[in-house]
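Next come the chains, spelled out residue by residue.
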Amino acid sequence: DAGVIQSPRHEVTEMGQEVTLRCKPISGHNSLFWYRQTMMRGLELLIYFNNNVPIDDSGMPEDRFSAKMPNASFSTLKIQPSEPRDSAVYFCASSPSGTLFGGELFFGEGSRLTVL
Amino acid sequence: AQKVTQAQTEISVVEKEDVTLDCVYETRDTTYYLFWYKQPPSGELVFLIRRNSFDEQNEISGRYSWNFQKSTSSFNFTITASQVVDSAVYFCALSSDKIIFGKGTRLHILP
């Protein structure tokens with residue numbers, strides 16, 4: 001069974017450009033999470049969805065970040081315009097149905113973003 | 001406020017030694033979950049274990065064991081007879097109304 005699939009694996013872009021990261025969760029999982037990982041701040045929860053509905057986006061750094069989940073099998077995280085401080089590894093994770101925060105997270109391989 | 005502290009930033013041990021990774025958490029919730037995840041050099045985080053706040057039984061899985069003590073708000077992870085393949089960053093996480101990760105402990109197993 002396929003795991004969480006993220007694309008692209010690596011993205012290098014210039015400051016000011018729009019970046020779109022994509023995620024396909026595991027089929028049947030009801031919850032989807034976007035995390036950002038940096039050396040300084042560790043793993044930060046940006047936003048999470050339950051049944052395709054955004055539940056809490058308080059972790060999104062600023063208005064330049066937006067996330068959508070148009071259906072149960074696809075989510076995007078967009079940064080517009082991108083800045084060098086957005087450079088990080090962005091992880092998508094999904095979790096099976098049940099308690100929203102009680103299930104284990106299944107992580108994708110991450111998208112490494114470098115903004116020059 | 002919720003908090004997870006992994007005081008050990010980096011640990012190095014020689015292969016076959018036992019090693020314990022510490023995790024201390026803070027929460028006011030009575031119902032919560034604790035997790036450990038492994039992040040090998042490949043980068044993908046892998047789930048290792050989950051415990052709910054009402055289950056203080058220790059658990060053993062092969063060379064891995066976990067010690068959950070509510071009295072000290074700790075959920076420590078021990079690897080017995082460590083192997084080079086255990087080299088990774090290990091994260092402890094706390095979950096109630098949000099999932100909070102510790103900063104991780106980088107474990108080096110030296111051959």
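Let me sum up the structure you'll find in this document. (Residues numbered from 1 in each chain as written. Chains lettered and ligands numbered in written order. Predicted model: local features only at pLDDT ≥ 70, side-chain atom pairs only at ≥ 80, totals over all residues. Heavy atoms only, no water.)

1. Focus: the overall build of chain A
Put simply, the rule is: Starting at the N terminus, helices and strands are each numbered in turn, a helix being any DSSP run of H or I of at least four residues and a strand any DSSP run of E of at least two. Restricting the calculation to C-alpha atoms gives the radius of gyration, and the globule rule supplies 2.2 Å times the number of residues raised to the power 0.38.
Each helix and strand in chain A was counted, giving zero helices and eleven strands. Each helix and strand of chain A, ordered N terminal to C terminal, gives the series β-β-β-β-β-β-β-β-β-β-β. In summary, chain A has a C-alpha radius of gyration of 13 Å against a globular reference of 13 Å for 116 residues, a match within 12%. Once the C-alpha set of chain A is aligned to its principal axes, its extents read approximately 40 × 30 × 25 Å.

2. A look at the pairing of strand β12 (residues 105–110) of chain B
Residues and elements named next belong to chain B. As a reminder, the rule being used: Think of it in three bands: with a 1.4 Å probe and only protein chains considered, a residue is buried below 20% of the maximum accessible area for its type, exposed above 50%, and partly exposed in between. A strand pair is defined by DSSP finding two or more bridges across the two strands.
Residues Thr105, Leu107 and Ile109 point to one face of β12 and are all buried, whereas Arg106, His108 and Leu110, pointing to the other face, are not buried. For strand β10 (residues 88–95) and β12, the ladder comprises three bridges, and the chain directions are antiparallel. Each residue of the ladder has a partner; that of Tyr90, found in β12, is Thr105.

3. Side note on the packing of aromatic side chains
Centre distance and the angle of the planes are the two values used to describe a pair of aromatic rings. Basically, it comes down to this: Pairing of aromatic rings covers Phe, Tyr and the six-membered ring of Trp, with a centre-to-centre limit of 6.5 Å; geometry is then stacked below 30 degrees between planes, edge-to-face above 60, and tilted otherwise.
All told, the structure shown has 19 aromatic pairs over all chains when counted by the stated rule. Measuring from centroid to centroid gives 5.5 Å for Phe77 of chain B and Tyr90 of chain B, while their planes differ by 65 degrees, and the two rings are edge-to-face. Note that Phe77 of chain B is positioned in strand β9 (residues 74–79) and Tyr90 of chain B in strand β10, a separation of 13 residues in sequence. Residue class for Phe77 of chain B comes out buried when judged on its relative accessible area of 0%. Residue class for Tyr90 of chain B comes out buried when judged on its relative accessible area of 0%. For the ring pair Phe91 of chain B and Phe101 of chain B, a centre distance of 6.3 Å and an interplane angle of 80 degrees mean the geometry is edge-to-face. With Phe91 of chain B in strand β10 and Phe101 of chain B in strand β11 (residues 99–101), this pair connects stretches of sequence that are ten residues apart. For the pair shown, Phe91 of chain B and Phe101 of chain B are each scored as buried. Ring pairs connect the aromatic residues Tyr35, Phe91 and Phe107 of chain A together with Phe35, Tyr37, Phe47, Phe91 and Phe101 of chain B, which therefore count as one cluster.

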